[in-house]
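# Survey of secondary and tertiary structure
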Amino acid sequence: MANLFIENKVKATAHYVDVVAPAGVTNGNIVVLGTQASDKTYACAANTAVTDAGMVIICNPNLPYGAEVVENDTTIATGEIVRARVVELGDVESYPVANITATVALAQNKIVVPKAGALKMECLAAAAGTESIVYIIDELFTKAGVSMVKIRCIKAQV
């Protein structure tokens, strides 16, 4: 269930965009917006540096209809149009632990930041200070048998 996610505390006025999914993307991945197509979708890709502008977080509500599929037990296909949100200071959201690279073990008060050249964010002991987006881990918990991490944005692009 790599695409399970919870928007614990996100403003009703949050800004969402439609992006064309790159290969291997899952909810909680950070992508950089590219060119907008005539259908108003954006091309996107992994960031090249943690300081990149235009980063958004994938938060696509995959709603399965098949009886054999459980809540969010879906994959995002390459080229699929999915939802991404502009990250704002104070956003609180939860994603599967598996969707974050554990450079250090995920634990309360550790930092989660974009990883240069990768879709998955990474967990660090401390931020370098140059990252465009920084989250802090508030909680680790289990939902529907999935190990989840609740992260809170403490730095967002201006």
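Along each chain, residues carry numbers from 1 onward, in the same order as the chain's sequence is written. Only residues with pLDDT of 70 or above have their local features reported here, since the model is predicted, and side-chain atom pairs are shown and tallied only from 80 upward, although totals for entire chains, interfaces and linings are computed over all residues. Side-chain descriptors were evaluated using all non-hydrogen atoms of the structure, hydrogens and water having been removed beforehand.

## Structural notes on the pairing of strand β3 (residues 30-36)
Two strands are counted as paired when DSSP detects at least two bridges linking them. In this description a helix means any DSSP run of H or I spanning at least four residues, a strand means any run of E spanning at least two, and both kinds are numbered starting from the N terminus. Taken together, the three bridges between β3 and strand β5 (residues 55-58) define a ladder with antiparallel strand orientation. Considered in β5, the bridge of Ile 30 is made with Ile 57. Bridge analysis of β3 against strand β4 (residues 42-45) gives three bridges, and the strand direction is antiparallel. Bridge pairing links Val 32 to Ala 45 in β4. If you look at the hairpin formed by β3 and β4, you'll find five residues sitting between the two strands, and Lys 40 has a positive phi there, around 75°.

## Topic: the nonpolar core
What we call a nonpolar core is a set of buried Ala, Val, Leu, Ile, Met, Phe, Trp, Tyr and Cys residues that are connected through their side-chain atoms within 4.5 Å. Accessibility here uses a 1.4 Å probe with only protein chains present; expressed as a share of the type maximum, an area under 20% marks a residue as buried, one over 50% as exposed, and anything in between as partly exposed. Counting residues in each nonpolar core, the largest one holds 20 residues, and the members touching the most others are Ile 57, Val 112, Met 121, Tyr 135, Ile 137 and Ile 151. Secondary-structure elements contributing two or more residues to this core are β3, β5, β10 (121-124), β11 (134-143) and β12 (146-155). It is β12 that contributes the most residues to this core, three residues altogether.

## A look at the environment of Lys 9
By the element assignment, Lys 9 lies in strand β1 (residues 6-9). Separated by 81 residues in sequence, Lys 9 and Gly 90 have C-alpha atoms that sit 7.9 Å apart. Residues are treated as being in contact if the distance between any of their heavy atoms lies within 4.5 Å. Apart from residues no more than four positions distant in its own chain, Lys 9 is found in contact with Gly 90, Asp 91 and Val 92.

## Things to note about the sheet that holds strand β9 (residues 111-114)
If you walk across this open sheet you meet the seven strands as β1-β7-β12-β11-β9-β10-β8, and the pairing is mixed. Edge positions in the sheet fall to β1 and β8 (100-101), since each has one partner strand and no second. As paired elements, strand β7 (residues 92-96) and β12 share five bridges and run antiparallel to each other. Pairing of Ser 94 across the sheet is with Lys 150, part of β12.

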